[in-house]
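# Coordinate inspection notes
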Amino acid sequence: MKRSKAILITILGILTSIVSFAQNQTVKGIILDAQAEYALIGATIQLVGSDPIQGAVADVNGEFRIENVPVGRQTFAVTYIGYKSITLPNVLVTSGKEVILRVLLEESVEKLEEVVVTASADKDLPINDLAKVSARTFSLEEVTRFSGGRNDVAKLATSFAGVNATNDARNDIVVRGNSPIGLLWRIEGIPIATTNHFATQGTTGGPVNALNTNLLRTSDFLTGAFPAEYGNANAAVFDVFFRNGNTDKFEFTGQMSAFSGLEFMAEGPISKKNNSSFVTSYRYGIASLAATGTSAIPYYQDLSFKANLGDTKIGRFELFGLGGKSSIDFLGDEIDENDLFADPSQDAFVENELGLIGLAHTLRLSQNTYLKTSFGASTNYNQYEQDNRMLDANDELIGKYRATNVRNRENRYTATTTLNTKFNARWSMRAGILNEIYDLKFFVEDRDDRVSIPDNNNDGVPDYFLTSTDVDESYSLLQTYGQAEYKLTDNLSTTFGLHAQYHEFMDDFILEPRAAISWQQTPIQRWSIAYGLHGQAIPAPILFYQEEVSPGTTERTNDNLGFMKAHHFVLGMDRNLAPDWRLKTEVYYQKVFDVPVEQTPSSYSVLNEGNDFIFEEKGSLVNDGTGFNYGVEATLEKFFSRNYYMLLTTSIFDSQYEGSDGIQRNTVFNNNYVLNVLFGKEWKFGANKQNAWTFDTKLTTSGGRPYTPIDLTATRDNLGREVRMEDVAFSQRYDEYFRWDMKVGVRLNRPKVSHQFFVDFQNVTNRKNEFIRRYNPVTDRINVVEQIGFFPDLMYRIQF
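Residues numbered from 1 in each chain as written. Predicted model: local features only at pLDDT ≥ 70, side-chain atom pairs only at ≥ 80, totals over all residues. Heavy atoms only, no water.

### So, the packing of aromatic side chains
Where we set the bar: Each aromatic pair joins two rings of Phe, Tyr and Trp (for Trp, the six-membered one) with centres within 6.5 Å, and gets the label stacked for planes under 30 degrees apart, edge-to-face for over 60, and tilted for any other angle. Whether a charge sits over a ring comes down to the Lys NZ or Arg CZ being within 6 Å of the ring centre and within 35 degrees of the ring normal.
Inspection of every chain in the model, using the stated rule, returns 25 aromatic pairs. An aromatic cluster of at least three residues, connected via ring pairs, comprises Phe 138, Phe 160, Trp 185, Phe 221 and Phe 238. Sitting above the plane of the Tyr 644 ring, Lys 638 keeps its charged end 4.0 Å from the centroid.

As structure tokens, this is what we get:
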């Protein structure tokens, strides 16, 4: 706490020494056709409200440049004959960094000279024009603006309708009652297992996200009935893109946050002749200053970069990457019994690595057609070593023994090609193929509190390890797709396509139809409907699990499993209540089938996996389980204007499943309801009002998660390894979740330098939400473990 106060005093001293000067900045970018991404030569962009008028005309490359734009939030209008005009509201201009815009205009089917649509470039439509429902954009400015987000895009998503996360210590997200393992992460079109530090095999979340938000380009988040290009996911998609660096000048960013750490970013031109550029960022975690849910100190660092190698005679090449390392040591004599991650009867040592490197090549075959080919290699490694502490009758340490060894590495080698063509204003098509080669080396052995392992010499140490996973396998997952869009009129369009995938190891094939219709009933109201069949491969820790078939002998019994599948149906209505207000509602139904469950009657289902670091040890599974999710979502949004914004999202849903016992139960993710209320306001000050005080707040509440009670007597008889009452699985609920975050800050501009500082008061009511009820071998009782209470997060950013 003393270190936090010292940092706060230092930052405030810097900020209060800044003198206000009127500042201007350059806004530049490119204007492209939305479907085929060719340059719109002669398109105009104008700063709304400027006097005299400030604007620019796109050159032969579609590029524009507007000098001397006042700092602050600005609005731009973009027009082009034969295209739907748009406005770009709420563009944040600062003195420390040039603003780079990427503007996509949609060609009018009716060929009017000019069709004016106001505010259509805000969050109501995704970047991917084939996504007609359950999709929304997210940007760097949003990630840093919303309170409680910890500069994490996954945390940001919890503010959206249909998304739930009741674990403050991790960023797993539950979408419409689905498991987090159904989430797909894509970076520049390359699927990646996870973007998180301290992640484990098969999971998509973690305590700290290695995805650096300062490199983000505006990207898409999709929550159901995805377009045909997305596969191997049945819950949600993060389709993330890195932005290009500045092609004209070098710029730098320094940032410090109590949770996300110390960061330095640099960007600039490689060669001005071909508009090549780079952007790279390094971050070192200092989470010892932050509330992480454990007294152990996590260490992590990551590097992200993108190099746009510019336009050449053979196309445009882009090199991008992400890498991270993390570690933490949990020492039992330093761990509290309420630690969210550790056990005071154990010493545990964790190491993780993640990485991605990719090369993308875009070749324009004609004005209306381009071919994009990408190659990528990614890795995800986690190591876990556990020593059990042996105590005497006086709780004094008398020895230790190695109880668990985990060494898992997943390498992926990806090649993908996409052909995108626009036949005319009505017809466009996108088709592609993606092949991932998985190279797995998993090893898990364990002798921690297993009644099946004898202690014949009575020394308190089990006689041997039981190997639950020993994998050295390579296989491919091949996906291909095609999707077309036909616009009957400017107000009515339809998309239809197919996605197919074949899993070499499972020897399973699935063909997945996708379709959607969007109807702009009136200028202020749009209806959308979509359907999709979505298949997902079984997570590797389940697929390759080795079951104990005889004392000391294990073998794989899940390697005959096939794809899990889900039908998604979505109906949506989007209505503009006023120029800056929007109401969006969606109803959905998802039928999940071919879910792995046990052969013998039990309550187990894979649908309940994915909200922790490990999977249950279950063998002899079959694809006979089912489940369903249905619900209604509503979003009332006031886009940022007149110096404030508001966002209210709510979801009411039901998530049920059936195991092999045929009993319908709640899934572990069936919270039933989620409510988010966000509000923010800015007060301008200084010369020409170029500086701003900022206030942001977020209130979240949701129903309690279902859980299966622990059988205390059976757990004691099982050497402390928890035994749950499976006959009443998920029949009880944790307490309702409630959290209120509040953030105050300031944004300052001075000549060629901008500063941003905020204090994010997270969980201001200090409510310690119930996290889990677990058996504590130290107290020999079932204890309630509570989540993180009040914690102030700090962030300071300088750009120059």
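Moving on from the model shown.
### So, the nonpolar core
Short version of the rule: Residues grouped as a nonpolar core are buried Ala, Val, Leu, Ile, Met, Phe, Trp, Tyr and Cys residues, joined through side-chain atoms within 4.5 Å. Only protein chains enter the accessibility calculation, which uses a 1.4 Å probe. A residue is then buried if its area is under 20% of the maximum for its type, exposed if over 50%, and partly exposed in between. Only runs of H or I of at least four residues qualify as helices and only runs of E of at least two qualify as strands under DSSP, and these elements are numbered from the N terminus. Note on definitions: a residue-residue contact is assigned when non-hydrogen atoms from the two residues lie within 4.5 Å.
Residues Ile 173, Trp 185, Phe 221 and Phe 238 are the most contacted members of the largest nonpolar core, which totals 36 residues. When contributions to this core are tallied by element, the ones reaching two or more residues are α3 (153-157), β12 (183-187), β13 (190-192), β16 (216-222), β17 (236-242), β22 (315-330), β23 (346-366) and β36 (644-658). Not counting the four nearest positions on each side in its chain, Phe 221 is found in contact with Ser 134, Ala 135, Arg 136, Phe 138, Ala 157, Phe 160, Val 163, Ile 173, Val 175, Ala 236, Val 237 and Phe 238.

### Some thoughts on the pattern of salt bridges
Keep this limit in mind: A pair is scored as a salt bridge if a Lys or Arg side-chain nitrogen falls within 4 Å of a carboxyl oxygen belonging to Asp or Glu.
All chains considered together, the criterion is met by 57 salt bridges. Its salt-bridge partner being Glu 106, residue Lys 84 comes within 3.6 Å of it at the nearest N-O pair. Of this pair, Lys 84 sits in strand β6 (residues 84-93) while Glu 106 is found in the loop between β7 (99-105) and β8 (115-116), placing the two residues 22 residues apart along the sequence. The class of Glu 106 is partly exposed, set by a relative accessible area of 26%.

### A closer look at the side chain of Thr 26
To keep things clear, this is the line we draw: Polar contacts here mean pairs of N or O atoms no more than 3.5 Å apart (in protein, one a potential hydrogen donor and the other a potential acceptor; neighbouring residues in sequence count only if both atoms are side-chain atoms).
Among the secondary structure elements, Thr 26 is positioned in strand β1 (residues 24-33). When its relative accessible area of 6% is taken as the criterion, Thr 26 is described as buried. One polar contact links Thr 26 to Glu 67, side chain to side chain, over a distance of 2.8 Å. Setting aside residues up to four positions removed in sequence, Thr 26 forms contacts with Arg 65, Ile 66, Glu 67, Glu 98 and Val 99.

### Thoughts on the sheet that holds strand β4 (residues 63-70)
For clarity, the threshold we go by: For two strands to pair, DSSP has to find at least two bridges joining them. Lines fitted to C-alpha atoms define the axes, with helix axes restricted to the stretch in contact, and inter-axis angles between N-to-C directions lie between 0 and 180 degrees.
Spatially, three strands are ordered β4-β1-β7 in an open sheet, and the strand pairing comes out mixed. Looking at which strands have only one partner, the edges of the open sheet turn out to be β4 and β7. The sheet shows a mean angle of 25° between the axes of neighbouring strands, taken without regard to direction.

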